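# Fold and geometry: a report
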Amino acid sequence: MRHIAIVGSGPAGYYTAEAAVKKWGDEARIDVFDMLPVPFGLIRTGVAPDHQSIKGVSRRYEKTAIGDTVRFVGNIAIGRDVSIEELQSLYDAVILATGAPKDRLLRIDGSDAENVIGSAAFVGWYNGHPEFANLNPDLSGRHAVVVGMGNVALDVARILSKTEDEFAGSDIVTHALDALRNSSLESVTILGRRGPHQIMMTPKELGELMQLERASPQVESADLPPLDDDAVLEPGMRKSVTLLREFAAIPPNIHGEKPIAIEFDFFASPKAIDVTDCRATAVVVERTVVEAGRAIGTGETYRIPADIVITCIGYETSPIEGVPFDERAGRFANDQGRILPGLYCVGWAKRGPSGTIGTNRPDGYSVIDIVDEDIGSGHRRRGREGFDDLAAERRLDIVTFRDWQKIEEAEIAAARDGSPREKFVDIESMIAARGL
């Protein structure tokens, strides 16, 4: 029997569990740990609440989670409740699928102002992550600046711009919906150091900006490269740039009909944030040019008014004591997923925050091939039985997948009209909802 511990119940964790089941069948016992009492990681707390079709992938993970081979072990924090070394003593392999939950920091003067917020915190706030549920961002000002040119920046800009009716069918949490309903924003500026040909935005997310009831996307025609230059782009990028060209062609009178402007500011590198009374008031931006794909400052600067600044510039994995960490890359130090004997990583914890949800599937299968090569038929460790003894000794309150199903039932029952669920936003309420 092979005993496998997977730390993290997001896409990387469950694709890895799926791969383990397909590789070994009943000859393995897989425990999937999570610090929260609820599974699915960024599917629950990272994917935008108005993208319910993407969240539907969790139904695939449920098929893996139901049965004796794979067990969800929620409400257990590795490093607090149990150490990596203890897991390694109990399981033949420990696979870290912890993702990259920390914001990459914007290291400029003024970035520590109280209304400068990282996207992990802001997205966690409107998705009901217990760590960020009390964020309470101030949306009473007129101007928001979003730093970044990826899909997360688009998600943030779109959420900031939607009407309450446009959230019908989403699972945005009530505290966020209430705050957005009372927002006074008139402009959302999306800042990017480079140009349209270097964006990391996909056509679907860009196209959604054209459908917003009260917001209009704006691009300066002068920022666009010659049309013929688009021919060298791969098809998806070419579609994205075509949408930017369509934004630039929107007549001024159409912009005037909508109260919120979503302004794309290309070739704009944030250099500092003006702060008054601990609050950001403007972002100081340096104009850039792109040379060999890199943004080079020109020395020309200007200011963009900012009543709130949200940085969407990437994520980093959280270090774990006893696990080698690559500080520069912001992930665990590894060789094709191997960290140390018996210790592995997968997903963003392995490769950094890149790729889509589906990218984690081949990643999970490849790490299980490596584990199979390393452990053979197992090392006669105690696995699940040993962990349960440890948990009982420490009086750890484990949340199982059946418990999660009861929590989910309670969330569905509490949903407002038109919403699939009303998430619990604190751990105590989640645990209470299982009805023990």
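Let me begin by describing the structure that accompanies this report. (Residues numbered from 1 in each chain as written. Predicted model: local features only at pLDDT ≥ 70, side-chain atom pairs only at ≥ 80, totals over all residues. Heavy atoms only, no water.)

## Some words on the overall build of the chain
When its secondary structure is counted, the chain shows 16 helices and 19 strands. Taken over the C-alpha trace, the chain has a radius of gyration of 23 Å; the compact-globule value for 436 residues is 22 Å, and the two agree within 12%. Taking the principal axes of its C-alpha atoms as reference, the chain extends roughly 70 × 50 × 40 Å. Burial statistics for the chain: of 436 residues in total, 54% are counted as buried. Residue pairs in contact within the chain that sit at least 24 positions apart in sequence constitute 75% of those at least 6 positions apart. Taken as a whole, the chain presents about 19300 Å² of accessible surface, with 49% of it coming from carbon and sulfur. Charge separation in the chain, taken as the distance between the mean sites of 49 positive and 67 negative side-chain charges, equals 4 Å. (Helix = DSSP H or I, 4+ residues; strand = E, 2+ residues; numbered from the N terminus. Rg over C-alpha atoms; globule rule 2.2 N^0.38 Å. Buried < 20%, exposed > 50% of the residue type's maximum accessible area, 1.4 Å probe, protein only. Contact = heavy atoms within 4.5 Å. Areas by Shrake-Rupley, 256 points an atom, 1.4 Å probe, with all protein chains shown as cover. Lys, Arg positive; Asp, Glu negative; His and termini not counted. Charge placed at Lys NZ, Arg CZ, Asp CG, Glu CD.)

## Points about the pairing of strand β4 (residues 93-96)
Alternating positions in β4 separate into two faces, A93 and I95 on one and V94 and L96 on the other, with burial throughout. Two strands pair when backbone bridges link them, and β4 and strand β19 (residues 343-345) are joined in this way by 3 bridges, in the parallel orientation. Among the inter-strand pairings, V94 is bridged to a residue of β19, identified as L343. (Pairing = 2+ DSSP bridges.)

## Description of the sheet that holds strand β3 (residues 70-73)
Pairing is mixed across the open sheet formed by 6 strands, whose spatial order is β3-β2-β1-β4-β19-β18. The two strands at the open ends of the sheet, each matched to only one other strand, are β3 and β18 (338-340). Sheet twist, expressed as the average angle between the axes of neighbouring strands with direction ignored, equals 25°. Relative to β19, β18 runs antiparallel, the two being bridged by 2 bridges. Bridge pairing in β19 places L340 opposite L343. In the packing of helix α1 (residues 11-24) onto the sheet, the strands contacted are β1 (2-7), β2 (28-33), β3 and β4, and the crossing angle to β2 comes to about 175°. (Axes fitted to C-alpha atoms, helices over the stretch in contact; angles between N-to-C directions.)

## Some details on the packing of α1 against helix α13 (residues 360-375)
Where α1 meets α13, the closest approach of the two axes is 8 Å, and the angle between their N-to-C directions is 50°. The orientation of α1 relative to α13 falls into the category oblique. Handedness of the crossing formed by α1 with α13: right-handed. Between α1, through P11, A12, Y15, T16, E18, A19, A20, K22, K23 and W24, and α13, the contact on the second element is made entirely by N360, R361, G364, Y365, V367, I368, D369, V371 and D372. (Parallel < 35°, antiparallel > 145°, perpendicular 65-115°, else oblique. Left-handed = near helix turned anticlockwise from the far one by under 90°.)

## Overview of the nonpolar core
One finds Y126, V156, L160, I190, L206, L244 and F264 to be the most contacted residues of the largest nonpolar core, which totals 49 residues. Not counting the four nearest positions on each side in its chain, V156 is found in contact with F122, V123, Y126, V146, I310 and C312. Formed by 37 residues, the second largest nonpolar core is a distinct cluster that contains A12, I95, F401 and I431. (Core = buried A, V, L, I, M, F, W, Y, C linked by side-chain atoms within 4.5 Å.)

## Points about unusual backbone geometry
The backbone of N136 sits at a positive phi, close to 55°, despite the residue not being glycine. On the secondary structure map, N136 appears in the loop between α6 (119-127) and β7 (143-147). Positive phi, close to 55°, is recorded for Q336, a residue that is not glycine. Positionally, Q336 belongs in the loop between β17 (331-332) and β18. Using a relative accessible area of 55% as the deciding quantity, one classes Q336 as exposed.

## Looking at the sheet that holds strand β13 (residues 294-305)
Strand pairing in a sheet is mediated by backbone hydrogen bonds. Such pairs are either parallel or antiparallel. Strand order in the open sheet made by the 3 strands is β11-β12-β13, with antiparallel pairing throughout. Both edges of this open sheet fall to β11 (268-276) and β13, since each of them pairs with a single strand only. Here the average twist between neighbouring strands, direction ignored, is 20°. Relative to strand β12 (residues 279-291), β11 runs antiparallel, the two sharing 8 bridges. Paired with I273 across the bridge in β12 is V283.

## Comments concerning the pattern of salt bridges
Side-chain pairing between opposite charges can occur once the charged atoms of the two side chains come close. Throughout the structure, instances matching the rule amount to 37 salt bridges. A salt bridge links D369 to K23; the nearest nitrogen and oxygen atoms lie 2.8 Å apart. Taken as a pair, D369 in helix α13 and K23 in helix α1 lie far apart in primary sequence, 346 residues in all. In this structure, the salt-bridge partner of R434 is D397, at a minimum N-O distance of 2.6 Å. Of this pair, R434 sits in the segment after α16 (427-433) while D397 sits in the loop between α14 (384-394) and α15 (401-413), and the two are 37 residues apart along the sequence. Taken together, the salt bridges that share partners define one network made up of D50, D155, R158, K162, K204 and E208. (Salt bridge = Lys/Arg side-chain N within 4 Å of Asp/Glu carboxyl O.)

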